[in-house]
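Spelled out from the first residue to the last, the chains are:
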Amino acid sequence: MVENKWVSTAADGDLLDQRVATSRLLGSDPSLVLHGGGNTSVKIDEPDITGRMKKRIYIKGSGWDLSSIERQGFTGLDLERVLELSTLDALDDLSMARELSSMRVDPSSPAPSVESILHALIPFTFVDHTHADAVVTLTNTVHGIDYVKEVFGEDVIVLPYVMPGFDLASLAARTFPELVSPKTIGLVLMNHGIFTFGSTAKESYDRMIELVARAEQAIPQLPENLPEEKVNTGDSSAQRVDLAKIRHTVSSYANKPMILTSSLNSHEVAFARDPHVSQLSQHGPATPDHVIWTKRVPLVGRDVEKFTEEYKSYFENGSEQSRNPVTMLDPAPRVVLDPELGMLTAETTIDRAIAVGDIYRHTIDIIRKAELLGGYSSLSAEDIFNVEYWDLEQAKVRRAQNAKAFAGRVVLITGAAGGIGFATAQHFLSEGAAVIGLDIEPTVSEAFTGESWLGIVCDLTDSDAVDHALDVAVKKYGGIDIVVLNAGVFPSTKMLVDLSTEEWRTVMSVNLDSSVALLGKVHPLLQLAVGGGQVVIIGSKNVSAPGPGAVAYSSSKAALTQVARVLALEWATDNIRVNIIHPDAVFDTGIWTPELLKKRAEHYGLTVDQYKRRNLLGVEITSADVAQLVVAIAGPAFSKTTGAQVSIDGGNDRVI
Ligand code: ZN
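Colleague: Help me understand the nonpolar core in this model?
Modeller: Soluble globular proteins: nonpolar side chains tend toward being buried together. Among the nonpolar cores identified, the biggest contains 56 residues, and Ile436 and Ile480 are the most heavily contacted of them. Sorting elements by how many residues they give to this core places helix H19 (residues 501–527) first, with seven residues. Look past the residues within four positions of Ile436 in its chain and what remains in contact with it is Val410, Val411, Leu412, Ile413, Trp453, Leu454, Ile456, Ala473, Tyr477 and Ile480. Counting residues in hydrophobic clusters, the runner-up holds 33 residues, among them Tyr314, Leu337, Leu379 and Tyr389.

Colleague: Where do I start with the sheet that holds strand S7 (residues 193–198) in this structure?
Modeller: Two pairing modes exist for strands in a sheet, parallel and antiparallel, and in both the strands are linked by backbone hydrogen bonds. Strands sit in the order S3-S2-S1-S4-S7-S6-S5 across an open sheet of seven strands; the sheet is mixed. Strands with a single pairing partner mark the edges of an open sheet, and in this sheet they are strand S3 (74–78) and strand S5 (156–159). Each neighbouring strand pair of the sheet contributes to a mean axis angle of 20°, computed without reference to strand direction. Sheet topology note: the S5/strand S6 (residues 186–189) ladder contains four bridges and is parallel. For Val158, the partnering residue across the bridge sits in S6 and is Val188. The sheet contacts of helix H8 (residues 201–217) involve strand S4 (126–130), S5, S6 and S7, and relative to S7 the element is tilted by about 145°.

Colleague: Just to check I follow, could you spell out the packing of aromatic side chains for this structure?
Modeller: Across all of its chains, the model carries 14 aromatic pairs by this definition. Relative to Tyr389, the ring of Phe385 has its centre 4.6 Å away and its plane inclined at 20°; by these criteria the two rings are stacked. By relative accessible area, which is 1% here, Phe385 ends up buried. Among the residues examined, Tyr389 registers a relative accessible area of 4% and is labelled buried. Each ring, one from Phe587 and one from Tyr611, has its centre 5.3 Å from the other, and the planes form 40°; the classification is tilted. Of this pair, Phe587 sits in the loop between strand S17 (576–583) and helix H21 (594–603) while Tyr611 sits in helix H22 (residues 608–612); the two residues are 24 residues apart in sequence, bridging distant segments of the chain. Both residues of the pair, Phe587 and Tyr611, belong to the buried class.

Colleague: Just to check I follow, could you spell out the coordination of the zinc ion for this structure?
Modeller: Put simply, a metal with four donors set out as a tetrahedron has ideal angles of 109.5 degrees, and one with six donors set out as an octahedron has ideal angles of 90 or 180 degrees. For the zinc ion, the protein coordination sphere consists of His129 (NE2), His131 (NE2) and His192 (NE2), at 2.1 to 2.2 Å. Written as a sequence motif, the donor residues of the zinc ion are H-x1-H-x60-H. Given the relative accessible area of 9%, His131 is considered buried.

Colleague: Sorry, what's going on with the pairing of S4 here?
Modeller: Looking down a regular strand, the side chains alternate between one sheet face and the other. Most of S4 sits out of view: five of its five residues are buried. Here S4 shows a buried face lined by Phe126, Asp128 and Thr130 and a second buried face lined by Val127 and His129. With four bridges connecting them, strand S1 (residues 39–47) and S4 associate as antiparallel partners. Of the residues in S4, the one forming a bridge with Thr40 is Asp128. Pairing between S4 and S7: five bridges, direction antiparallel. In the sheet register, Thr130 faces S7, and the bridge partner there is Ile194.

Colleague: It is not clear to me how the packing of helix H17 (residues 419–430) against helix H23 (residues 623–633) should be interpreted in this structure. Could you clarify?
Modeller: Helix-helix packing is characterised by the crossing angle of the two axes and by the distance between the axes. For the pair H17 and H23, the least separation of the axes is 8 Å and the interaxial angle reads 55°. Taken together, the axes of H17 and H23 lie oblique to each other. Crossing hand, H17 versus H23: right-handed. Listed contacts from H23 to Gly419, Ile420, Ala423, Thr424, His427 and Phe428 of H17 are Ser623, Ala624, Val626, Ala627, Gln628, Val630 and Val631. Considered class by class, the residues forming the contact of H17 with H23 number eight nonpolar, five polar and no charged.

Colleague: Could you clarify how one ought to interpret empty space enclosed by the protein in this entry?
Modeller: A probe matching the size of a water molecule, rolled over the atoms, marks out where space remains unfilled. Summed over all chains, the structure comprises four cavities of 30 Å³ or more. Taken as a whole, the largest cavity holds about 50 Å³ of empty space. Lining the largest cavity we find Pro491, Ser492, Lys494, Leu499, Gly549, Ala550, Val551, Ala552 and Tyr553. In terms of residue class, the lining of the largest cavity is made up of six nonpolar, two polar and one charged.

Colleague: How should I be thinking about the side chain of Lys295 in this particular structure?
Modeller: Mapping Lys295 onto the fold places it in the loop between helix H12 (291–294) and strand S9 (299–300). On the accessibility criterion, Lys295 (5% relative accessible area) is buried. At 2.7 Å, the side chain of Lys295 forms a polar contact with the backbone oxygen of Asp330. For Lys295, the contacting residues outside a window of four places in its chain are His290, Tyr311, Leu329, Asp330, Pro331, Ala332, Arg334 and Glu388.

Colleague: Help me understand helix H13 (residues 304–320) in this model?
Modeller: The α-helix winds at 3.6 residues per turn, so residues separated by three or four positions along the chain end up facing the same way. In a regular helix each residue adds 1.5 Å, so 17 residues correspond to 24 Å; H13 covers 24 Å between its end C-alpha atoms and thus fits that length. Here H13 has its buried residues at Val304, Phe307, Thr308, Tyr311, Tyr314, Phe315 and Gly318. On an axial view of H13, the arc spanned by its buried residues comes to 115°, and they lie on one face. In H13, the exposed positions that point more than 90 degrees away from the buried face belong to Asn317 and Glu320. Residues of H13 that are buried sit in contact with helix H9 (236–254), S9 and helix H15 (381–388).

Colleague: I would appreciate a short explanation of unusual backbone geometry in the present structure.
Modeller: Apart from glycine, the bulk of residues carry a negative phi angle, and the bulk of peptide bonds sit in the trans form. Of note, the phi angle at His35 is positive, near 45°, even though the residue is not glycine. Phi at Asn191 is positive, roughly 60°, even though this residue is not glycine. Mapped onto the fold, Asn191 is located in the loop between S6 and S7.

Colleague: Explanation requested: the packing of H19 against helix H20 (residues 551–570) in the structure shown.
Modeller: At a minimum axis separation of 8 Å, H19 and H20 run at an interaxial angle of 15°. Between H19 and H20, the interaxial angle falls into the category roughly parallel. Here H19 and H20 pass one another in a crossing that is right-handed. Between H19 and H20, the residues in contact are Trp504, Val507, Met508, Asn511, Leu512, Ser515, Val516 and Leu519 and Val551, Ala552, Tyr553, Ser555, Ser556, Ala559, Leu560, Val563 and Leu567, respectively. Class assignment for the residues of the contact of H19 with H20 results in 13 nonpolar, four polar and no charged.

Colleague: In this structure, what is going on with helix H10 (residues 266–273)? I would like to understand it.
Modeller: By the criterion of burial, H10 is predominantly enclosed, with six of the eight residues buried. Buried residues belonging to H10 abut strand S8 (259–263), helix H11 (277–280), strand S10 (335–338), strand S11 (342–347) and helix H14 (350–372). Capping the start of H10, Asn265 holds a side-chain oxygen 2.7 Å from the backbone nitrogen of His267, two or three residues further along.

Colleague: Got a minute to help me understand the side chain of Thr308 in this structure?
Modeller: Residue placement: Thr308 occurs in helix H13. Of the residues examined, Thr308 reaches a relative accessible area of 0% and is grouped as buried. At 2.7 Å, the side chain of Thr308 forms a polar contact with the backbone oxygen of Glu305. Excluding anything up to four places from it in sequence, Thr308 contacts Tyr253, Pro331 and Ala332.

Thresholds, definitions, all that
Residues numbered from 1 in each chain as written. Predicted model: local features only at pLDDT ≥ 70, side-chain atom pairs only at ≥ 80, totals over all residues. Heavy atoms only, no water. Core = buried A, V, L, I, M, F, W, Y, C linked by side-chain atoms within 4.5 Å. Buried < 20%, exposed > 50% of the residue type's maximum accessible area, 1.4 Å probe, protein only. Helix = DSSP H or I, 4+ residues; strand = E, 2+ residues; numbered from the N terminus. Contact = heavy atoms within 4.5 Å. Pairing = 2+ DSSP bridges. Axes fitted to C-alpha atoms, helices over the stretch in contact; angles between N-to-C directions. Phe/Tyr/Trp six-rings, centres within 6.5 Å; stacked < 30°, edge-to-face > 60°. Donors = N, O, S within 2.8 Å, 3.2 Å for Na, K, Ca; no water. Parallel < 35°, antiparallel > 145°, perpendicular 65-115°, else oblique. Left-handed = near helix turned anticlockwise from the far one by under 90°. Nonpolar A, V, L, I, M, F, W, Y, C, P; charged D, E, K, R; others polar. 1 Å grid on protein atoms, 1.4 Å probe; cavity = no way out; pocket = protein on both sides within 12 Å on 5 of 7 lines; lining within 4 Å. Points joined across faces, edges and corners; volume = space filled by probe spheres on them. Polar contact = N/O pair within 3.5 Å; in protein donor to acceptor, adjacent residues only side chain to side chain. Expected span 1.5 Å × (residues − 1). Arc of directions from axis to C-beta.

Here it is in structure tokens:
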């Protein structure tokens, strides 16, 4: 239930401070606005630079989210000039955007909301606009208009759906004067959302909460707890492959790597399993803005190709009547409802995929409730098309495009809690990848923040633990494209005669056996990798230039190198590249304490600095240097290289 979160401090400061405060209150409630939806404004009289008083409207700027908006997120516009636009007979979208931008008080402020003209027309200081679930539930029903009139009476003006932007503002300008009464506290836009207004920030906010609460009371509640739905049926490794297949197909139709994330909430699973889901889910979004995230309808089942065919005909029908020439967006689904796998959402980054899931989760709730009110009905495909292919919405999409080199790719790194593994994770994350880090160290789970990082504490020698980690990882990201085998132990220096069988076995088990076992488990996923699978193995200089006292370590890395060479042969036809990096003298890792470094340097009669640079180029090699090479090998420059061994050791005459 919507809750009035007003706090007296929200009245502190000037009008813009108050505007920021209640905008954030609205933004903090996902039942009112989601992921950048909704907008707010305030009208302020203030002097310009010459001291002349000006009427201005400060409206939410594009790219800001109400939940975290700040003063600079509001764009000031000359109010009188904005109002003049509403008197035009017609105004195309790009001209409107250009005109509004030219009215900015500060040219460096963000592009003003496409609803600027409507906000300007509403004769109140504060104006709030949301796509409240309860309001769109009422309006997206077969008899929506009757419900709206019954619930809100004369307190609100009701406008039929028209395209947001100039068309809506123009309709409001024509009809407002006759519809508005002293009782009016809000405006309901059918199939879109609600506006409230007031002379203070509190008044406008209170009215929003009051009207939404009234709508909620008119809507039957869904049963609190649906029966527990189990997503996990059958073999978990087969299910990983199923998810990777869907991600692979969606990515190929999207023509870019996509993350596919699973939602395991029982409501979504139940919806995906509803015998009527094919009918219930195909009406359209709850508010037109959502089309940018979810596309018009979800895919039910796994036939991605059929979905894209239907999308193409939706595009063809829509573009025929479009006002502007339009280019088709990728036809791949963003929401997949699968009876077995539940709700899956796809996007170029995990954050965006989660946002799609949040929006569709609310949509499911809205559809369920609207069904109890006589049936869910959304806008026509043509209306939705016009928003999806609206120039101004397309600009939002273009701004959100993630151009990072590894966006949408999924990397698994073993031994990721420190040293080379940590540095490699950091580098891949900065290039836009989603990264799964496995390590026996508990610090791995918190090694990085954000949804692109999934740190899992895992003993690589425990087969069940590895399976579980892969299950969790594939449910979160939909597959694995790149595997970096970095985990390894380097026991204290010992000659073979002093080495126990247990010590030998431990090194072989961690450095070699567990890596081989992991490669076996990830092979089916790498076959389905987006852009071809890859394995990068962290070897060692010791493979080609061993020294005394590390027989177990050197042998394990030599065997792993041979494994990689054989896999390069065996997996080439699966489009999986396998390459090896041989670092040396990387001292910024957990193994090398300052004391140990000092001891080794003294052993050679060198200072620590000389010891670190004991190579042909006289350079120090860091974990970050190795990470950079790993990322480069995984990148386009090496896309035609497999089975290669690349040294990163500053030059070593024994290796050369
Ligand atoms: Zn809106």
